[in-house]
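Descriptive analysis of the structure
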Amino acid sequence: TVAIREAFDSAARKLEEAMRKHRHQVKLHETSPQAKIVRLFLEDGYGFLETPDGREIYFHENSVLNASFDNLAPGVAVTFTEEPGKKGPQASTVRLADL
């Protein structure tokens, strides 16, 4: 019964998506928050972002997408995905912002 229920749920989602496309209703995705890099520790492989509301968020070099960590600098605008970390909020995905 679980497999049948999941199959019907999946079919219902696909039907709803097809109806949205038919009606030209595009599903809007939430935009990533923006921040700027305020501190970098290149030798140690991490840095901090500052959000528009003044919060600082840790990020690791492995979180940087489509750019080299070594090419980043303070003041560079980025978008990020925030998640809870062991010592507070951290950025799990950091991308250069589209200006």
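Residues numbered from 1 in each chain as written. Predicted model: local features only at pLDDT ≥ 70, side-chain atom pairs only at ≥ 80, totals over all residues. Heavy atoms only, no water.

With respect to the secondary-structure elements, Asp 53 resides in the loop between β2 (46-50) and β3 (56-60). Along the sequence, Asp 53 and Thr 81 sit 28 residues apart, while their C-alpha atoms lie 16 Å from each other. Within the local environment of Asp 53, its side chain forms a polar contact with the side chain of Thr 51, the two groups lying 2.2 Å apart. Among the polar contacts listed, one links the side chain of Asp 53 to the backbone nitrogen of Arg 55, at a separation of 3.4 Å. (Helix = DSSP H or I, 4+ residues; strand = E, 2+ residues; numbered from the N terminus. Polar contact = N/O pair within 3.5 Å; in protein donor to acceptor, adjacent residues only side chain to side chain.)

Both β3 and strand β5 (residues 88-96) contribute to a ladder of two bridges, which runs parallel. Paired with Tyr 58 across the strands is Gln 90, a residue of β5. As defined by bridge partners, strand β4 (residues 77-85) adjoins β5 across eight bridges and the pair is classed as antiparallel. Each residue of the ladder has a partner; that of Glu 82, found in β5, is Ala 91. Counted along the chain from β4 to the antiparallel partner β5, the turn is two residues long. (Pairing = 2+ DSSP bridges.)

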